[in-house]
Amino acid sequence: MKKQLAVALSIATVVGMFGSVSAFAGETEAATEGASGAGKKIGISMPTQSLERWNRDGSYLDEQFKKAGYATEVTYSDNDSGRQVSDIQNMIADKVDLLVIAAIDGEALNTVVDEAADANIPVIAYDRLIKNDNDTYYVSFDNYTVGTLQGKFIVDTLDLDNAGDKTYNMEITAGDPADNNATFFYKGAMDVLQPYLDKGTLKVPSGQTDFDSVATAQWDTQKALSRMQNILGSYYADGTQLDVALCSNDSTALGVTQAIQSDYAGKNSVLITGQDGDEANLKNLMDGLQTMTVYKAVANEAVVTLDLAQAILNGETVDQSWIDGRKFGFDCTFDDKSYTAVDKVIPSLLLVPDVVTKDNAVEKLVDTGYYTRDSDGYLHPAQ
Ligand code: GAL
């Protein structure tokens, strides 16, 4: 683990925190002679730089492929699907050998993924499934488990199984409907919590429980903030206590936390969930404002993606025995059931998410080398 991170870190000094990754990193130095990537080029299309994690994904992927001797083209499309389509079309025109795409909108890339297939360019759907049967493989974390971890954390922390006739009030903030992951996170959590909602142990005073009502376009912090302010103003101004804010990820949790700080009159501390380990949220975690975040080591997601790309370009078949043969040093499971694009189930390689709290953050994030801890006691991404 630490070794991989040491490798990944080498980019950090080069890349520097986000600023220097231009929207179009363009073609980089020629492939290292003899390395497996010699003479090959990889197109890496990320959704945006405004959501913190994708900067890390882009840098780790860029670094992994460069180290293997590939040339790379890295783009960030500012959460604009139209721009992502033209960014990918440029890569196809540049005759990249393989595409790694984290889709802004899983439904909006159909034409360009078909164009890639027509040009015999394999496509790895990265982190978010692209709803196109021409996806070659899908690499992500177990998205449903991200949700169940958040749900179980609420059940265990509030000891809902022994609540007796005590009840708890919860509000839900889910993710971007255009992101195929969002419903997996939501469903994972709700499948755990539904029995407590049915029993009345958990209540949702706003009544907003279906996905469409609680979704947050573009995972936008500001949208999550203003929706939560409306809910607090409408359903909690009379002194109703809020006990839980189930948030699918950190960018939405940041907005919800701000709304609770500015608009919630209650004196109790609200259990707030999240995902990603964003820097601002880890500060809130250490300050006791956010209660947990589901951490996904995207450095490892990049390692799997590199090895998968090489296997594809070498015409190898990828399945569980291939994964076991890689000896990644972290868990990764082959799944050929859970992710259907249109009619075709896309073979998937899924990594394991983990729960981070104030108490285990140093052990899980700093001791592993993914984050550093400065004298202020706060955690900062190593990259
Ligand atoms: C999801 C991703 C999450 C979160 C969210 C917003 O697709 O899996 O980690 O970052 O997008 O970027």
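Computed from a prediction, not measured in an experiment: that's the story for all the values here. (Residues numbered from 1 in each chain as written. Predicted model: local features only at pLDDT ≥ 70, side-chain atom pairs only at ≥ 80, totals over all residues. Heavy atoms only, no water.)

1. Overview of the confidence of the model for the protein chain
In this model, the protein chain carries a mean pLDDT of 92, and residues with pLDDT of at least 70 account for 91%. Between residues 1-34, whose pLDDT stays under 50, and residues either more than four places distant or in other chains, the model counts 75 contacts. (pLDDT = per-residue confidence, 0-100. Contact = heavy atoms within 4.5 Å.)

2. Details of the packing of aromatic side chains
Aromatic ring pairs are defined here through the distance separating the ring centres and the angle between the ring planes. Tallied over the full model, the rule gives nine aromatic pairs. Pairing phenylalanine 65 with tyrosine 70 gives two aromatic rings, centres 5.5 Å apart and planes at 85°, and the pair type is edge-to-face. In this structure phenylalanine 65 comes out as buried when scored by relative accessible area, which is 0%. Put simply, the rings of Tyr138, Phe184 and Tyr339 touch in pairs and so form one group of aromatic residues. Directly above the ring of tryptophan 54 sits arginine 53, whose terminal nitrogen or CZ lies 4.0 Å from the centroid. Across from the ring centre of tyrosine 168, 4.5 Å away, lies the NZ or CZ of lysine 166, which sits over that ring. (Phe/Tyr/Trp six-rings, centres within 6.5 Å; stacked < 30°, edge-to-face > 60°. Buried < 20%, exposed > 50% of the residue type's maximum accessible area, 1.4 Å probe, protein only. Lys NZ or Arg CZ within 6 Å of the ring centre and 35° of its normal.)

3. So, helix H8 (residues 221-235)
Between its first and last C-alpha atoms H8 spans 21 Å; for 15 residues at 1.5 Å apiece the expected length is 21 Å, and the two agree. Buried residues of H8: Ala224, Leu225, Arg227, Met228, Ile231 and Leu232, and no others. Residues of H8 that are buried make contact with strand S6 (168-173), helix H7 (211-214) and helix H9 (250-263). The N-capping residue of H8, defined by a side-chain oxygen 3.2 Å from the backbone nitrogen of glutamine 222, is aspartate 220. (Helix = DSSP H or I, 4+ residues; strand = E, 2+ residues; numbered from the N terminus. Expected span 1.5 Å × (residues − 1). Polar contact = N/O pair within 3.5 Å; in protein donor to acceptor, adjacent residues only side chain to side chain.)

4. Overview of the side chain of glutamine 290
Looking at where glutamine 290 falls in the secondary structure, it is placed in the loop between helix H10 (279-286) and strand S10 (293-295). Since its relative accessible area comes to 2%, glutamine 290 is described here as buried. Separated by 3.0 Å, the side chain of glutamine 290 and the backbone oxygen of methionine 292 make a polar contact. Ignoring any residue separated from it by four or fewer positions in sequence, one finds glutamine 290 in contact with Asp250, Ala253, Ile272, Thr273, Gly274, Asn281, Asn284 and Leu285.

5. Some remarks on the sheet that holds strand S11 (residues 332-335)
Taken together, seven strands build an open sheet; the order of strands is S2-S1-S3-S4-S5-S12-S11 and the sheet is mixed. If you trace the sheet from one side to the other, it starts and ends with strand S2 (71-76) and S11, each paired once. Shown here is a sheet whose adjacent strand axes are inclined to one another by a mean of 20°, direction ignored. Of the strand pairs in this sheet, S11 and strand S12 (residues 348-351) are connected by four bridges, and their pairing is antiparallel. Across the sheet, aspartate 335 pairs through a bridge with serine 348, a residue of S12. (Pairing = 2+ DSSP bridges. Axes fitted to C-alpha atoms, helices over the stretch in contact; angles between N-to-C directions.)

6. Here we look at the pattern of salt bridges
If the charged atoms of two oppositely charged side chains come close together, the side chains can form a pair. Per the stated rule, a full pass over the model turns up 13 salt bridges. The partner of arginine 56 in a salt bridge is glutamate 52, with the nearest N and O atoms 2.9 Å apart. Linking arginine 56 with glutamate 52, this pair stays in helix H2 (residues 52-67), spanning four residues, or about one helical turn. As far as burial versus exposure is concerned, arginine 56 and glutamate 52 are alike and both buried. Notably, a salt bridge pairs aspartate 179 with arginine 128, separated by 3.1 Å at the nearest N-O pair. Within this pair, whereas aspartate 179 is found in the loop between S6 and helix H6 (180-199), its partner arginine 128 is found in the loop between strand S4 (123-126) and strand S5 (137-141), the two being separated by 51 residues in sequence. On the basis of relative accessible area, aspartate 179 is assigned to the buried category, the value being 3%. Looking at arginine 128, the relative accessible area reads 5%, which means it is buried. Connected through shared salt-bridge partners, Arg53, Asp57, Asp127 and Glu301 make up one network. (Salt bridge = Lys/Arg side-chain N within 4 Å of Asp/Glu carboxyl O.)

7. Topic: the site of the ligand
Taken together, 13 residues lie around the ligand, and Asp127, Arg128, Asp179, Asp276 and Lys296 are the ones closest in. The separation between an oxygen atom of the ligand and a polar side-chain atom of arginine 128 is 2.7 Å. One of the side-chain nitrogen or oxygen atoms of aspartate 179 is found 2.6 Å away from an oxygen atom of the ligand. In isolation the ligand offers 300 Å² of accessible surface; the protein chains occlude 99% of this area. Here the residues of the shell around the ligand sort into four nonpolar, three polar and six charged. (Near = heavy atom within 4 Å. Areas by Shrake-Rupley, 256 points an atom, 1.4 Å probe, with all protein chains shown as cover. Nonpolar A, V, L, I, M, F, W, Y, C, P; charged D, E, K, R; others polar.)

8. What to know about the sheet that holds strand S7 (residues 202-203)
Taking strand neighbours across the sheet as the criterion, the four strands line up as S7-S6-S8-S9 in an open arrangement whose pairing is parallel. Of all strands in the sheet, those bounded by a partner on one side alone are S7 and strand S9 (271-272). Here S6 pairs with S7 via two bridges, running parallel. The partner of tyrosine 168 across the bridge, within S7, is leucine 202. Contacts between helix H5 (residues 143-157) and the sheet are confined to strand S8 (244-247) and S9, with S8 contributing the most and set at about 165° to the helix.

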